[in-house]
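Working through the structure, step by step
Residue strings, one per chain:
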Amino acid sequence: RAGLSLTPSRYSGVGLALCQRLLEEDGRIHLCIACRNEQKSEATRDLILAAHPAAQVSTVEVDLGNLASILRAARELRCRFQRLDFVYLNAGIMPNPHVNFKALWHGLLTGKLLHMLTTAEGIMTQTDRLNGDGLQEVFATNLFGHFILVRQLQSLLCGNEKPSRLIWTSSSNARESAFSLSDYQHAKGQESYSSSKYATDLTSVVLNRKFNDQGLYSSVVCPGLVMSNMTYRILPVFLWTLLMPLMWLIRFFAKTYTLTPYNGAEAHVWLFKQKPEYLDSLVKYHSCTSGLGRCYVEPRKMDVDEDTAEKFYQKLLELEEQTLDKYHDLLD
């Protein structure tokens, strides 16, 4: 089986843990790591091979925030593979994150602090910007780049003898209140990460409706709160050092505090072992960890409106047509 894993450019976090855990489940798979930095993707490959010397591990360079890079990578993958059984859509960015300490204090006074700490609702903002394609950077990297890649890989994903799977990394921070159809790139707000993850949930729902009869199934997971490069950028390192004992304590009350990348990949790996036709397309699968460190998966219904999802999907198709118009030389 061939699996494609899209990971952040730094070789750490859920992406690396996922690759290692997939090979523990099935050492026969051909694992292709997609990173935006060739040097670091090779370093990731070396780390994986150090633990699994007999594994088939290859790499492909792709920047999910750059349409030309996506089209080149898709062309290369179509040349190298006849089919893809799994595509893990895990790449994501959260640029310039800011913590609203006033909101945290208010949450403490109103008894909503634990909810805020487990979802980041109302306490996390980001400063977004336009990328080289004229798209909002977070929307482009976290959602639209993945969408274009999936569209370009349809010939490898649809019509195979066995079902193919898309597994998107979403978030408990995906909230309808942060998303707007009239501003789906989130150019006017300060919660671009939350908006992009809600857009991910919407996209997955529609993809199932459009492609299940062609053997392509889509699922959404939440890794929980994982201490990764992205998380460590939110606060200064010395603060995280002081907070870590508290984080481990909170896990006794907040099961989504998975904390380690290994634990965060639990839902991704669980889905690897499931038959997709028996899964609920309106459910998000959450990686959870008990206070004593036991990993498990909790399904939760997504707060998505299917009519909104359909309208958003049509907007993605329109944007695809507009943005790819200038890349004729990279399209088959």
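What this report covers is the structure whose coordinates are included nearby. (Residues numbered from 1 in each chain as written. Predicted model: local features only at pLDDT ≥ 70, side-chain atom pairs only at ≥ 80, totals over all residues. Heavy atoms only, no water.)

1. A word on the overall build of the chain
When helices and strands are tallied, the chain shows 13 helices and 10 strands. Within the chain, buried positions represent 57% of all 332 residues. The long-range share in the chain, meaning contacts at least 24 apart out of those at least 6 apart in sequence, stands at 75%. For the chain, the exposed surface amounts to about 15,000 Å²; the carbon and sulfur share of it is 52%. (Helix = DSSP H or I, 4+ residues; strand = E, 2+ residues; numbered from the N terminus. Buried < 20%, exposed > 50% of the residue type's maximum accessible area, 1.4 Å probe, protein only. Contact = heavy atoms within 4.5 Å. Areas by Shrake-Rupley, 256 points an atom, 1.4 Å probe, with all protein chains shown as cover.)

2. Some points on the packing of helix H6 (residues 137-152) against helix H13 (residues 306-324)
Working note: a packed helix pair is described by the angle between its axes plus the distance between those axes. Remark: H6 packs on H13, axes separated minimally by 11 Å, with the N-to-C direction vectors making an angle of 80 degrees. The angle between the axes of H6 and H13 places the two elements in the roughly perpendicular class. Between H6, through Phe139, Leu143, Phe144, Phe147, Ile148, Arg151 and Gln152, and H13, the contact on the second element is made entirely by Phe312, Tyr313, Leu316, Leu317, Leu319, Glu320, Thr323 and Leu324. The residue makeup of the contact of H6 with H13, split by class, is 11 nonpolar, 2 polar and 2 charged. (Axes fitted to C-alpha atoms, helices over the stretch in contact; angles between N-to-C directions. Parallel < 35°, antiparallel > 145°, perpendicular 65-115°, else oblique. Nonpolar A, V, L, I, M, F, W, Y, C, P; charged D, E, K, R; others polar.)

3. Quick word on the nonpolar core
In this structure, Phe144, Leu166 and Phe312 are the most contacted members of the largest nonpolar core, which totals 54 residues. A total of 8 residues in this core trace back to one element, the largest contributor, which is H6. In terms of nonpolar packing, the next biggest core, distinct from the first, is built from 28 residues, Leu22, Leu31, Cys35 and Leu49 among them. (Core = buried A, V, L, I, M, F, W, Y, C linked by side-chain atoms within 4.5 Å.)

4. Re H13
With 19 residues, H13 ought to run about 27 Å at 1.5 Å a step, and its terminal C-alpha atoms sit 27 Å apart, in line with that. Contacts made by the buried residues of H13 are with helix H3 (67-80), H6 and helix H8 (192-211). Capping the start of H13 is the job of one residue whose side-chain oxygen sits 3.3 Å from the backbone nitrogen of aspartate 307: aspartate 305. (Expected span 1.5 Å × (residues − 1). Polar contact = N/O pair within 3.5 Å; in protein donor to acceptor, adjacent residues only side chain to side chain.)

5. Topic: the packing of aromatic side chains
Scanning the entire structure with this criterion turns up 10 aromatic pairs. With a centroid separation of 6.2 Å and an interplanar angle of 10 degrees, the aromatic rings of phenylalanine 86 and tyrosine 88 are classed as stacked. Tyrosine 88 matches phenylalanine 86 in its accessibility class, with the two residues each being buried. Ring geometry for phenylalanine 86 versus phenylalanine 272: centroids 4.8 Å apart, planes at 40 degrees, classification tilted. Of the two residues, phenylalanine 86 sits in strand E4 (residues 86-89) while phenylalanine 272 sits in helix H12 (residues 266-272), which places them 186 residues apart along the sequence. By way of ring pairs, the aromatic residues Phe139, Phe144, Phe147, Phe179, Tyr184, Tyr198, Phe312 and Tyr313 are connected into one cluster. (Phe/Tyr/Trp six-rings, centres within 6.5 Å; stacked < 30°, edge-to-face > 60°.)

6. What to know about unusual backbone geometry
Positioned with a positive phi, histidine 186 is a non-glycine residue whose angle comes to about 60 degrees. With respect to the secondary-structure elements, histidine 186 resides in the loop between strand E7 (164-169) and H8. Although it is not a glycine, leucine 259 adopts a positive phi angle of roughly 70 degrees.

7. As for the pairing of strand E9 (residues 283-289)
For E9, the tally of buried residues reaches 7 of 7 residues, placing the bulk of the element in the interior. Because side chains alternate across E9, one face comprises the buried residues Val283, Tyr285, Ser287 and Thr289, and the other comprises Lys284, His286 and Cys288, equally buried. Sheet topology places strand E8 (residues 216-222) next to E9; 3 bridges connect them, and they run parallel. Of the residues in E9, the one forming a bridge with valine 220 is lysine 284. Note: E9 against strand E10 (residues 295-301), 7 bridges, orientation antiparallel. In the strand pairing of E10, threonine 289 is matched with cysteine 295. Once E9 ends, the chain turns through 5 residues before running back antiparallel as E10, passing glycine 293 with a positive phi of about 95 degrees. (Pairing = 2+ DSSP bridges.)

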